[in-house]
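For reference, the chains in residue letters:
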Amino acid sequence: MKDNHFDAIVVGSGITGGWAAKELTEKGLKTLMLERGRNVEPGKDYVTEHKREPDFHFRGKGDRKRFQHDQPIQSITGQHNESTHHFFINDRDNPYTNDKDKPFVWIRGHQLGGRSLMWTRQTYRWTERDFNANAEDGLAEPWPINYKEIEPWYDYVEKFVGISGEANVSDELPHGQLLPPMELNAAEKKLRAGINQHFPERKLTVARQAVLTAPHNGRPPCHYCGTCARGCSAGSYFSTQSSTLPAAKRTGNLTLATNSIVHSIIFDESTDKATGVRVIDSETREVTEYFSKIVFLCASAFESVRLLFNSKTPRFSDGLGNSSGVLGHYIMDHNFGAGARGHVEGIDSRYFNGHRPCGIVIPRFRNVKSKHPDFVRGYQLGGQGRQLGWSRGSQQVGIGSELKQQLRDPGVWQMRLSGAGECLPRYENHVRINPDVTDAWGIPVLHFSADWSSNETAMRKDMISSAEEMLDAAGFTDIETYDTPVAPGQYIHEMGGARMGSDPKKSVLNAYNQCHDVPNLFITDGASMASSSNQNPSLTYMALTARAVNYAVNELRRGNI
Amino acid sequence: MDRRQLIKSLLATSSLAMSPSLLAQMTMNAHKHHMAQKDSDDKTRTFKFLSKNEAHLVSKISEIIIPRTDTPGANDVGVTEFIDLMLADWYDDKDSWYFIEGLRRYDRRLTQKHYRNLSLLSAEKSKAEITLLDSQVMQNKEEEPSIQYFYKRIKELTLIGFYTSEQGMENELNYSGPIAEFNFGKSGPPGSFTRY
């Protein structure tokens, strides 16, 4: 085997790329994993892990002026701050454009592990209802798979990942392989009791998350330091570095190349196959070609789509694998920023030590048993109970030794509930190449045209009123509602653009994430999603990836691709 | 003419009709002039943004907000230096100068009332004045917007500077983890620590 020839190439090293590399190498394929960003080693490169606030130059408030210059878009997300900014891209090097009146927020992490380092680790299975949604309301092309087909793959990935959470909560949260749940705090228990009493069809549970509560596959449980997004050298939450990469390396079949930006896919018109990829070294600008029998695109939804657009051939003049014309269309993100918060007095609270790395979730309850008059599909509510800390002191009257004494004690309990809603897949929401703008490496960038629909707007109103009524019923006071405008992309759950489907004329990928037009090309990241559900999508990407690798390797062995 | 004299004369000649933005602009120019001078002839300069006199006022006010008690106070943990850093490198210049404008106007108000400015006012009177200002500003009753802005910022920055300092975290919050907020270990009865 020559240096640049492999059995498989995986583009991207985030959640899906890590899974693809693990599965391919464990099945014996010599695999090259390409990452456009720098290498990030656990511990050594988690430069702010456990760093204390006094040691940050701006005490955690961040180098605001530098962020304005380098990361005006990245700093929009709450995950970006003084302790994590180095895991987010430089916006000037990685531009994109959008319609004037339709802002899009694209949050990216270009490094080994991608966004698996700073994700929020929520891991929910999608439901039978989610996979049937498009077929049932007819608003988009049906999914080519159902829950039963993906269920064993959810089991498979959950066993490896290690997911803590409560089982048997609700039909809207199918459960599988779960580690013990973390405990609800006093305000959350109070809300749960109120909901059970007044809204028996609604359920509240601690977030289900890829954070360990017991030793699992050689990884230790969470030590509750509360700084997950800075990297966890203990490996207690799932990331490429903690989980899939070590597994892939153990096989001896993995070759890892960082600082390797895939410019385009090499396509052989005579065989209709992808034969490899063209790579630009991000540091030296040197171009190298790598070749393989199969190619997995796991570059994140819109980077994978961009790569297909930038891999034009005489036959595919509108982008590789785009005979359907739907490449770049039906893009989605979850709809959020609407909810309510309230206070509750009189809780005999316990003191605690440590930081639980998650909040709570109230699974979907709309359009489950009865039809809502104003919108289709549904949303979940997330949130967290907490006692106000010392920073409340700057919002209230009082100074001096009395203020100091007062702030030694925690403040009133506050509970926040915030919606995350399904976004409809619509043709007009799309990305395309902007031929007039290139990134720092001369590669044409994406142009976004996406906006919320009236369905999402109607859903927001209901998120607010249901959050308010539950807090009220549970005895919370001083309830304030909020409706913060958000741009698509801002929830960092971007999906679609190369959707799966049974009909090659209406979809890019088949039921196994295999490109209809290019049978040895697979796309298993968010690009493949045909609808968005209201559940966090990463667990589904993992299951789809493992399932697609299994299929691809079987097809390869049978000589079909 | 030194900077304080310049400001005094500006304030003396300015009528009530003078717009706040114009005043801010003049203050800004005076400040720039002052800092340029300082850079060239004062090698022992401690502060990046604040003048010595402004720094004195800032430290006096922040120590009144968070005084030394059985634990350290604002001045013990370098709150003035933190506020100076934020004014120099974090806030936009126009906001930092608006802060200074509010500080000056407040000091002038005290001078008119007590015939001496805050730096010369007794500890007791200073505390009474800041208590009054705090009550007005926190209830949004302060009529001068620059003073409202200035005091809200100095209170917020004092708390951040104090509670995220090494001593604020260790001695006040009794906390050794990475995040200063949301931990109340010290207040809990002994043996009640539990992870939630």
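About the thresholds
- Residues numbered from 1 in each chain as written.
- Chains lettered and ligands numbered in written order.
- Predicted model: local features only at pLDDT ≥ 70, side-chain atom pairs only at ≥ 80, totals over all residues.
- Heavy atoms only, no water.
- Helix = DSSP H or I, 4+ residues; strand = E, 2+ residues; numbered from the N terminus.
- Expected span 1.5 Å × (residues − 1).
- Buried < 20%, exposed > 50% of the residue type's maximum accessible area, 1.4 Å probe, protein only.
- Pairing = 2+ DSSP bridges.
- Contact = heavy atoms within 4.5 Å.
- Axes fitted to C-alpha atoms, helices over the stretch in contact; angles between N-to-C directions.
- pLDDT = per-residue confidence, 0-100.
- Polar contact = N/O pair within 3.5 Å; in protein donor to acceptor, adjacent residues only side chain to side chain.
- Salt bridge = Lys/Arg side-chain N within 4 Å of Asp/Glu carboxyl O.
- Right-handed = clockwise from strand over helix to strand, strands pointing away.
- Phe/Tyr/Trp six-rings, centres within 6.5 Å; stacked < 30°, edge-to-face > 60°.
- Lys NZ or Arg CZ within 6 Å of the ring centre and 35° of its normal.

J.: Explain helix 5 (residues 93-114) of chain B here, please?
T.: Residues spaced three or four apart along an α-helix point in a common direction, a consequence of the helix completing one turn every 3.6 residues. Residues and elements named next belong to chain B. Under the 1.5 Å per step criterion, the end-to-end length of helix 5 is 31 Å for 22 residues, consistent within 8% with the ideal 32 Å. All buried positions along helix 5 are accounted for by S96, W97, F99, I100, E101, G102, L103, R104, Y106, D107, L110 and H114. Just beyond helix 5, the residue with positive phi is Y115, at close to 60°.

J.: Explain the sheet that holds strand 11 (residues 335-344) of chain A here, please?
T.: Residue and element names in this part refer to chain A. Spatially, 6 strands are ordered 6-12-13-14-11-17 in an open sheet, and the strand pairing comes out antiparallel. Of all strands in the sheet, those bounded by a partner on one side alone are strand 6 (205-206) and strand 17 (477-483). In this structure, strand 12 (residues 360-362) lies alongside strand 13 (residues 379-387), joined through 3 bridges in antiparallel fashion. Looking at the pairing, I362 lines up with L381 of strand 13. Seen against the sheet, helix 5 (residues 186-198) touches strand 6, strand 11, strand 12, strand 13 and strand 14 (413-421) and runs at an angle of roughly 60° to strand 14.

J.: What is the right way to read the sheet that holds strand 15 (residues 430-438) of chain A from this model?
T.: What links the strands of a sheet is backbone hydrogen bonding, and the strands pair in either a parallel or an antiparallel sense. All names here are of chain A. Strand order in the open sheet made by the 3 strands is 3-16-15, with mixed pairing throughout. The outermost strands of the open sheet, each flanked by one partner alone, are strand 3 (97-98) and strand 15. Here 2 bridges tie strand 3 to strand 16 (residues 444-449), and the two strands are oriented parallel to one another. What sits directly across from N98, in strand 16, is F448. On the sheet, helix 7 (residues 301-309) packs against strand 15 and strand 16 and is oriented at approximately 120° with respect to strand 16.

J.: I keep staring at the pairing of strand 16 of chain A and nothing clicks. Help me out?
T.: For a regular strand, side-chain orientation follows a simple rule: the groups alternate between the two sheet faces. All names here are of chain A. With 5 of 6 residues buried, strand 16 is to be regarded as a mostly interior element. Sheet analysis places strand 15 next to strand 16, joined by 6 bridges and oriented antiparallel. Residue pairing for strand 16: I433 is matched across the bridge by L446. Linking strand 15 to strand 16, which pair antiparallel, is a turn of 5 residues; within it G442 sits at a positive phi near 80°.

J.: I keep staring at the confidence of the model for chain B and nothing clicks. Help me out?
T.: Low-confidence regions, as indicated by low pLDDT, have predicted coordinates that should not be scrutinised in detail. All names here are of chain B. For chain B, mean pLDDT is 79; residues scoring 70 or higher make up 66% of the total. At the level of individual helices and strands, chain B shows its lowest average pLDDT in helix 1 (residues 3-13), which scores 44, and its highest in helix 6 (residues 123-138), which scores 98. Considering only residues more than four positions removed or in separate chains, one finds that residues 1-20, a stretch of pLDDT under 50, has 20 contacts. This stretch, residues 182-196, has a pLDDT under 50; its non-local contacts, to residues over four places away or in other chains, come to 43 contacts.

J.: So what exactly am I meant to see when it comes to the side chain of A:Q535 here?
T.: You can see A:Q535 is positioned in the loop between strand 18 (521-523) and helix 10 (538-557). For A:Q535, the side chain forms a polar contact with the main-chain oxygen of A:R125, separated by 3.1 Å.

J.: What should I look at first to understand unusual backbone geometry in this one?
T.: Most of the time, phi is negative for any residue but glycine, and the peptide bond is trans. Residues and elements named next belong to chain A. Its identity is not glycine, yet H50 carries a phi of approximately 65°, on the positive side. Within the fold, H50 resides in the loop between strand 2 (31-34) and helix 2 (64-70). We note that S300 has phi near 95°; this positive angle belongs to a residue other than glycine. Secondary-structure assignment places S300 in the loop between strand 10 (287-297) and helix 7.

J.: What is the right way to read the pattern of salt bridges from this model?
T.: Here the structure, examined in full by the defined rule, presents 46 salt bridges over all chains. Residue A:R192 is joined to A:E166 by a salt bridge in which the shortest nitrogen-to-oxygen separation is 3.1 Å. In this pair, A:R192 sits in helix 5 while A:E166 sits in the loop between strand 4 (163-164) and strand 5 (178-179), placing the two residues 26 residues apart along the sequence. Residue A:R192 is classed as partly exposed on the basis of its relative accessible area of 24%. Looking at A:E166, the relative accessible area reads 24%, which means it is partly exposed. Residue B:K113 is joined to B:E129 by a salt bridge in which the shortest nitrogen-to-oxygen separation is 2.7 Å. Residue B:K113 is located in helix 5, and its partner B:E129 is located in helix 6; the two are separated by 16 residues in the primary sequence. Residue class for B:K113 comes out partly exposed when judged on its relative accessible area of 48%.

J.: What am I meant to see in the pairing of strand 2 of chain A here?
T.: Residue and element names in this part refer to chain A. Residues T31 and M33 point to one face of strand 2 and L32 and L34 to the other, with burial holding for every one of them. Relative to strand 2, strand 1 (residues 5-11) runs parallel, the two sharing 4 bridges. If you follow V10 over to strand 2, its bridge partner there is M33. At this point the chain moves from strand 1, through helix 1 (residues 15-26), to the parallel strand 2, and the crossover so formed is right-handed. As paired elements, strand 2 and strand 7 (residues 254-257) share 4 bridges and run parallel to each other. What sits directly across from T31, in strand 7, is L254.

J.: Just checking my understanding: could you explain the packing of aromatic side chains for this structure?
T.: Each pair of aromatic rings is reported with the distance of its centres and the angle of its planes. Within the structure shown, the criterion is met by 31 aromatic pairs over all chains. Between A:Y512 and A:Y551, the ring centres sit 4.0 Å apart and the planes meet at 5°, which makes this aromatic pair stacked. With A:Y512 in the loop between strand 17 and strand 18 and A:Y551 in helix 10, this residue pair connects regions lying 39 residues apart in the sequence. Note on B:W90 and B:Y91: the rings are 5.0 Å apart at their centroids and 80° apart in plane angle, and the pair reads as edge-to-face. Judged by its relative accessible area of 12%, B:W90 falls in the buried class. What makes B:Y91 buried here is its relative accessible area of 8%. The structure contains a cluster of three or more aromatic residues connected by ring pairs, namely A:Y96, A:F104, A:W106, A:F302 and A:F448. When the ring centre of A:F160 is taken as origin, the NZ or CZ atom of A:K22, which lies over that ring, is 4.4 Å away. One Lys or Arg, A:K61, reaches over the ring of B:W90 and ends 5.1 Å from the middle of that ring.

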